[in-house]
Amino acid sequence: MAPSDDVKVLGAPPSPFVNRVQIALNLKSVDYEFLEQKVGFKSELLLKSNPVHKKVPVMIHGGKPICESLIIVQYIDEVWTDGPGILPLDPYDRAMARFWAAYVDDKLWPTLKGIRSAEGEEAKAAALEQVMEAMMLLEDAFVKCGKGKDFFGGDTIGYLDIALGSFLRWLRATEKMGNVKVLDETKTPRLFGWAERFSSNAAVKDVLPEVEKLVEIAKFFAAKAKAQ
Amino acid sequence: MGGDEIVLLNGWFSPFGARVRIALAEKGVTEYELKEEDLFNKSPLLLERNPVHKKVPVLIHNGKTICESLTIVQYIDEVWKGKSPLLPSDPYQRSVARFWADFVDKKVYDTMKRITRTKGEDQERAKKELLEIFKLLEGELGDKPYFRGDEFGLVDIALVPFYSRFYAVETFGKFSIEAESPKLVAWAQRCMEKESVSNSLPDSKKVYEFVLDVNKKLGIE
């Protein structure tokens, strides 16, 4: 089976986790079929392919499902070895990339949500403080990992760029909804510059969703949560 | 690799630290400094080397710091790649191993903690969830000796340290894990026959005493 045969991605376009997979496949110039899953609805194929978590993204390669966005990205990196490497070569650099990617998932994503769901100015300020703490740490990580180059991965987009970059439109959506600044040029100038470079990259620019769409979706889910 | 300077900041009670000790043992790495941490009185070195999470384990290899147990285990696998590979070589099998190691990370510790720190309905719910988690893991294990097949690997390393917590969880929850998940207990006992595992896991009764002690310190009855 040639590596590029039969690649399907089950996903929803607004999901940053799904975007990660799309970006990785684009970086490797791999053609794939995107099977759009409606937000909030779980198809039979999804439930069959990811019975444990029942979530997108799922990548199905030659009939075999791979789940969890960062695990899928590592799989893509290991199968399509012709394209640019996504994970660094050096074991220590790889460990750093994995550490910070896990940090993004465990700390940044939930605290971003905290801003959107905060009730009252005090709660919002507290949530924002947590997010800014994370942003400052990531600014520092950018220096250590990128070593003065354009991306966390160096000259080309790497694992941590994908992990964090997939959240950029959600960051913007959160800024709009909360009327706050998260990606601040004065506080995190390197991340600010990196964000522009990442978003405009050929492998990324058609993948990241429009901010307005995300605001719409966030409002929909917030209303749904309130109604329950 | 000669001339390596390795320090492991650990807690004897930590299942996450045990993962690192098992991985090092599997690779035949025995020359390292093991620094014991007190979670209620963290050392300046720990706070300096893991400022983000302030947790054990932390591996310091020739001055470089690596944190988060599964990241450390994968680092160990990649550095000492000549001996006992912890991950399969096939990319799909690797993704399966990473998936289940991640599953263990997301579910087991927190659910066990809920059993030892709550009572009544909350505890009953946690017990039910733990047994469901174990059922899924038994399904993945099947009839294989280890999660990967014939060879001990990442998923075994991720999960087996929690075996030393079974006694504590059973005592708090007043139930038997072996009765509900016999295959999993058989797998754990098989792992315990390996020196790398039995030397790295603490005594179950000591863990139970430790959990009682922590609860007292946290003001949990």
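Residues numbered from 1 in each chain as written. Chains lettered and ligands numbered in written order. Predicted model: local features only at pLDDT ≥ 70, side-chain atom pairs only at ≥ 80, totals over all residues. Heavy atoms only, no water.

S.K.: Sorry, what's going on with a positive patch on the surface here?
M.R.: Taken together, the side chains of Lys107 of chain A together with Lys42, Lys54, Lys55, Lys113 and Arg117 of chain B define a basic patch exposed on the protein surface. You can see Lys42 of chain B is positioned in the loop between strand S2 (33-36) and helix H2 (44-49). (Patch = residues over 30% accessible without salt bridge, like charges linked within 9 Å, V, L, I, M, F, W, Y side chains within 5 Å. Areas by Shrake-Rupley, 256 points an atom, 1.4 Å probe, with all protein chains shown as cover. Salt bridge = Lys/Arg side-chain N within 4 Å of Asp/Glu carboxyl O. Lys, Arg positive; Asp, Glu negative; His and termini not counted. Charge placed at Lys NZ, Arg CZ, Asp CG, Glu CD. Helix = DSSP H or I, 4+ residues; strand = E, 2+ residues; numbered from the N terminus.)

S.K.: For this particular structure, what's the right way to read the interface of chain A and chain B?
M.R.: It is common to give the size of an interface as the accessible area lost on bringing the parts into contact. Between chain A and chain B, the contact holds 24 residues from the first and 24 residues from the second. Here chain A and chain B share an interface that buries about 2,200 Å² over both sides, 69% of which is from carbon and sulfur atoms. Connecting chain A to chain B are 5 salt bridges. At the boundary of chain A with chain B, the tally comes to 7 residue pairs in polar contact (both at pLDDT 80 or more). Those elements that provide at least two residues to the side of chain A that touches chain B are strand S4 (64-67), helix H3 (69-79) and helix H4 (91-117) of chain A. A breakdown of the residues in the side of chain A that touches chain B according to their chemical character gives 15 nonpolar, 3 polar and 6 charged. (Contact = heavy atoms within 4.5 Å. Buried area = accessible area lost by both parts, 1.4 Å probe. Polar contact = N/O pair within 3.5 Å; in protein donor to acceptor, adjacent residues only side chain to side chain. Nonpolar A, V, L, I, M, F, W, Y, C, P; charged D, E, K, R; others polar.)

S.K.: Before we go on, may I ask you to explain the pairing of strand S4 (residues 64-67) of chain B in this structure?
M.R.: Where a strand is regular, its side chains alternate between the two sheet faces. Residues and elements named next belong to chain B. Taken together, the 4 bridges between strand S3 (residues 58-61) and S4 define a ladder with antiparallel strand orientation. Across the sheet, Val58 pairs through a bridge with Cys67, a residue of S4. Taking the residues that link successive antiparallel strands as the turn, the S3-S4 hairpin has 2 residues, and the phi of Asn62 there is positive, at about 50°. (Pairing = 2+ DSSP bridges.)

S.K.: Please clarify how the nonpolar core should be interpreted in this entry.
M.R.: One recurring pattern in soluble globular proteins is that nonpolar side chains are buried together. Core analysis: the biggest nonpolar cluster contains 138 residues, and Met59 and Trp194 of chain A together with Leu59, Leu137 and Trp187 of chain B have the highest contact counts within it. Of all the elements, H4 of chain A adds the most residues to this core, at 12 residues. What Leu137 of chain B contacts, discounting residues up to four positions off in sequence, is Trp100, Phe103, Val104, Phe147, Leu159 and Leu184 of chain B. Within the second largest apolar cluster, 6 residues are counted, among which are Trp170, Ala173, Val211 and Ala218 of chain A. (Core = buried A, V, L, I, M, F, W, Y, C linked by side-chain atoms within 4.5 Å. Buried < 20%, exposed > 50% of the residue type's maximum accessible area, 1.4 Å probe, protein only.)

S.K.: Is there a simple way to explain H3 of chain A in this structure?
M.R.: An α-helix turns once per 3.6 residues; consequently, residues spaced three or four apart project the same way. Counting buried positions over the 11 residues of H3 of chain A gives 11, a clear majority of the element. Those residues of H3 of chain A not exposed but buried are Ser69, Leu70, Ile71, Ile72, Val73, Gln74, Tyr75, Ile76, Asp77, Glu78 and Val79 of chain A.

S.K.: For this particular structure, what's the right way to read the packing of aromatic side chains?
M.R.: Enumeration according to the criterion identifies 25 aromatic pairs over all chains in this entry. Here the aromatic rings of Phe17 of chain A and Trp109 of chain A are separated by 5.6 Å at their centres, their planes lie at 90°, and the arrangement is edge-to-face. Linking Phe17 of chain A in helix H1 (residues 16-27) with Trp109 of chain A in helix H4, this pair joins segments that are 92 residues apart in sequence. Between Phe147 of chain B and Trp187 of chain B the ring centres are 5.4 Å apart and the planes differ by 80°, which places this aromatic pair in the edge-to-face class. Residue Phe147 of chain B is located in the loop between helix H5 (120-141) and helix H6 (154-159), and its partner Trp187 of chain B is located in helix H9 (residues 182-192); the two are separated by 40 residues in the primary sequence. Overall, the relative accessible area of 6% leaves Phe147 of chain B in the buried class. Owing to a relative accessible area of 2%, Trp187 of chain B belongs among the buried residues under this scheme. Three or more aromatic residues joined by ring pairs make a cluster, and in this case those are Phe17, Trp109, Phe167 and Trp170 of chain A. Between Arg116 of chain A and the ring centre of Trp109 of chain A, over which it is positioned, the NZ or CZ distance is 5.9 Å. Over the ring of Phe152 of chain B we find Lys194 of chain B, and its NZ or CZ is 4.8 Å from the ring centre. (Phe/Tyr/Trp six-rings, centres within 6.5 Å; stacked < 30°, edge-to-face > 60°. Lys NZ or Arg CZ within 6 Å of the ring centre and 35° of its normal.)

S.K.: Mind showing me how you'd approach unusual backbone geometry here?
M.R.: Negative phi values dominate among residues other than glycine, just as trans dominates among peptide bonds. The peptide bond linking Val56 of chain A to Pro57 of chain A adopts the cis configuration, its omega dihedral lying at 0°. As for its position among the elements, Pro57 of chain A is in the loop between helix H2 (44-49) and strand S3 (58-61). Of the consecutive residues Val56 of chain B and Pro57 of chain B, the connecting peptide bond is found in the cis state with omega at 0°. Residue Asn179 of chain A is not a glycine yet carries a positive backbone phi of 55°. Following the sequence through the fold, Asn179 of chain A ends up in the loop between helix H7 (168-178) and helix H8 (189-200). Judged by relative accessible area, which is 70%, Asn179 of chain A ranks as exposed.

S.K.: Sorry, what's going on with the sheet that holds S4 of chain A here?
M.R.: Paired through their backbone hydrogen bonds, the strands of a sheet run either parallel or antiparallel. All names here are of chain A. Strand order in the open sheet made by the 4 strands is S2-S1-S3-S4, with mixed pairing throughout. Two strands bound the open sheet, and with one partner strand each, they are strand S2 (33-36) and S4. When the angles between neighbouring strand axes are averaged without regard to direction, this sheet yields 25°. Across 4 bridges, strand S1 (residues 7-11) lies against S2 in parallel orientation. Paired with Leu10 across the bridge in S2 is Leu35. Contacts from H1 reach S1, S2 and S3 within the one sheet, and its direction differs from that of S1 by about 155°. (Axes fitted to C-alpha atoms, helices over the stretch in contact; angles between N-to-C directions.)

S.K.: How should the environment of Gly165 of chain A be read in this particular structure?
M.R.: All names here are of chain A. Tracing the sequence through the fold places Gly165 in helix H6 (residues 159-165). Along the sequence, Gly165 and Ser199 sit 34 residues apart, while their C-alpha atoms lie 7.5 Å from each other. Those residues within four positions of Gly165 in sequence are excluded, and the remaining contacts are Leu160, Trp194, Phe198 and Leu208.

S.K.: When you look at the sheet that holds S4 of chain B in this model, what are you seeing that I'm missing?
M.R.: Residues and elements named next belong to chain B. Strands sit in the order S2-S1-S3-S4 across an open sheet of 4 strands; the sheet is mixed. At either margin of the open sheet sits one strand with a lone partner, and together these are S2 and S4. This sheet shows a mean twist of 20° between the axes of neighbouring strands, independent of strand direction. Summarising the sheet, strand S1 (residues 6-10) and S3 pair through 4 bridges and their orientation is antiparallel. Each residue of the ladder has a partner; that of Leu8, found in S3, is Leu59.

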